[in-house]
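Remarks on the overall topology
So you can see what is in the structure, the chains are spelled out below.
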Amino acid sequence: MIITIDGPASAGKGTLAKEISSTYGFAYFDTGMVYRAVGLEMFLSGKDISSEQEAEKVAQNLSFQKMMSLSKHPEFRGPLGGKNASIVSAYPKVRAALLKMQQDFALSPVLADGSKASGVVYDGRDTGTIVCPNADIKLFITASPEVRAERRYKEFQSRGINQSYEEVLKEIKARDERDMTRSSAPLKPAPDAIIIDTSNLSIEEVQKKVNKIIAEH
Ligand code: DC
């Protein structure tokens, strides 16, 4: 079974995807990691982030192992990692270079310990539209920019990252703008996606809704 979860930054996709994968024993692919890995590698190797050609080369040479190793860097999930990921993800050549690696994961999905899984949960922006257009269940999880900024601000605080709520909100809005207006794979729900607005829902309420959708399927 393939389940895709798309939506804007900090809408709660990751929490939900991890919960579904552990409940059903499915593998989990956080596809934002491929863009974070390319963006961070560009930064660490001193490449010009505004060069699509350079970013394409980095993307072509990215392996799953390399991505996992870059994910341990402190900036991978920090503000710099998010910004660079958003920039390189707007390059069509980078998206094209990273597509097969993401699609291949569903052919033989594995859990973190390397054992085989009977299903996979993808989380990202285009997983229901481009990566897995034939997914069994497509979810689009969203929330207002203010609610998402509040969540990300709290997450940063708990990780000791110093950024004001206003700065976080500004970045969320800028990221939404870039993700939704880019020419290649703009953020939008697949026509057959189920849209869930989590602005006024607890994590438990969202999970309950989604468990029902999966059970019905
Ligand atoms: O979900 P995230 O914050 O880790 O994503 C980082 C960036 O990568 C974000 O700006 C959008 C982009 N992204 C994308 O374009 N397509 C995906 N499937 C996943 C993430």
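Everything quoted here is computed from the prediction, not taken from an experiment. (Residues numbered from 1 in each chain as written. Predicted model: local features only at pLDDT ≥ 70, side-chain atom pairs only at ≥ 80, totals over all residues. Heavy atoms only, no water.)

A few words now on the overall build of the chain. Helix and strand counts for the chain come out as ten helices and five strands. What you see for the chain is a C-alpha radius of gyration of 17 Å, in line with the 17 Å of a compact globule of 217 residues. Taken over 217 residues, the chain has a buried fraction of 47%. Of all intrachain contacts in the chain linking residues separated by at least 6 positions in sequence, the fraction that spans at least 24 positions is 78%. Between the centroid of the 29 positive side chains of the chain and the centroid of its 28 negative side chains there is a distance of 2 Å. (Helix = DSSP H or I, 4+ residues; strand = E, 2+ residues; numbered from the N terminus. Rg over C-alpha atoms; globule rule 2.2 N^0.38 Å. Buried < 20%, exposed > 50% of the residue type's maximum accessible area, 1.4 Å probe, protein only. Contact = heavy atoms within 4.5 Å. Lys, Arg positive; Asp, Glu negative; His and termini not counted. Charge placed at Lys NZ, Arg CZ, Asp CG, Glu CD.)

Another point: the site of the ligand. Around the ligand, 14 residues are found, and the nearest of them are T31, R36, R95, R125 and D126. Residue T31 places a side-chain N or O atom 2.9 Å away from a nitrogen atom belonging to the ligand. Note that an oxygen atom of the ligand is positioned 3.0 Å from one of the side-chain N or O atoms of R182. Computed on the free molecule, the ligand has an accessible area of 440 Å², of which 97% lies beneath the protein chains in the complex. At the level of secondary structure, the elements contributing two or more residues to the shell around the ligand comprise α2 (32-44), α5 (79-89) and α9 (165-181). Taken together, the residues that form the shell around the ligand break down as two nonpolar, five polar and seven charged. (Near = heavy atom within 4 Å. Polar contact = N/O pair within 3.5 Å; in protein donor to acceptor, adjacent residues only side chain to side chain. Areas by Shrake-Rupley, 256 points an atom, 1.4 Å probe, with all protein chains shown as cover. Nonpolar A, V, L, I, M, F, W, Y, C, P; charged D, E, K, R; others polar.)

Within the open sheet, the five strands sit side by side as β2-β3-β1-β4-β5. Their pairing is parallel. Each edge of the open sheet is held by one strand with a lone partner, namely β2 (27-30) and β5 (194-197). Geometrically, the sheet is characterised by an average inter-axis angle of 20° between neighbouring strands, direction not taken into account. Pairing of strand β4 (residues 137-142) with β5, which is carried by four bridges, proceeds in the parallel orientation. The residue of β5 that forms the bridge with L139 is I194. (Pairing = 2+ DSSP bridges. Axes fitted to C-alpha atoms, helices over the stretch in contact; angles between N-to-C directions.)

All right, on to the nonpolar core then. V34, V38, L62, M67 and L98 are the most contacted members of the largest nonpolar core, which totals 29 residues. Contributing elements (two or more residues each) for this core: β2, α2, α3 (52-60), α4 (64-70), α5, α6 (92-104) and β3 (120-124). No other element matches the seven residues that α2 contributes to this core. Contacts of V38, omitting those with residues within four sequence positions, involve A55, V58, A59, L62, V88 and L98. (Core = buried A, V, L, I, M, F, W, Y, C linked by side-chain atoms within 4.5 Å.)

With respect to the element layout, K47 can be found in the loop between α2 and α3. Of the residues examined, K47 reaches a relative accessible area of 35% and is grouped as partly exposed. Separated by eleven residues in the primary sequence, K47 and V58 place their C-alpha atoms 9.6 Å from one another.

Moving on to the packing of helix α1 (residues 13-24) against helix α10 (residues 203-216). The geometry of α1 relative to α10 is characterised by a closest axis approach of 11 Å and an angle of 50° between their N-to-C directions. Considering their axes alone, α1 and α10 lie oblique with respect to each other. Viewed along their axes, α1 and α10 form a crossing whose handedness is right-handed. Residues T15, L16, E19, I20 and Y24 of α1 touch α10, and the partners they reach there are I203, V206, Q207, V210, N211 and I214. Counted by class, the contact of α1 with α10 contains seven nonpolar, three polar and one charged residues. (Parallel < 35°, antiparallel > 145°, perpendicular 65-115°, else oblique. Left-handed = near helix turned anticlockwise from the far one by under 90°.)

As a further point, take the pattern of salt bridges. In the structure shown here, the tally under the stated rule is twelve salt bridges. For the salt bridge of D126 with R95, the shortest nitrogen-to-oxygen distance reads 2.9 Å. One end of the pair, D126, is in the loop between β3 and α7 (127-131); the other, R95, is in helix α6, with 31 residues separating them in the sequence. D104 is the partner of K100 in a salt bridge, and the nearest nitrogen-oxygen pair spans 2.8 Å. Of this pair, K100 and D104 are both found in helix α6, four residues apart, which corresponds to roughly one turn of the helix. Residue class for K100 comes out exposed when judged on its relative accessible area of 56%. Look at the salt bridges and you will find they share partners, linking R125, D179 and R182 into a network. (Salt bridge = Lys/Arg side-chain N within 4 Å of Asp/Glu carboxyl O.)

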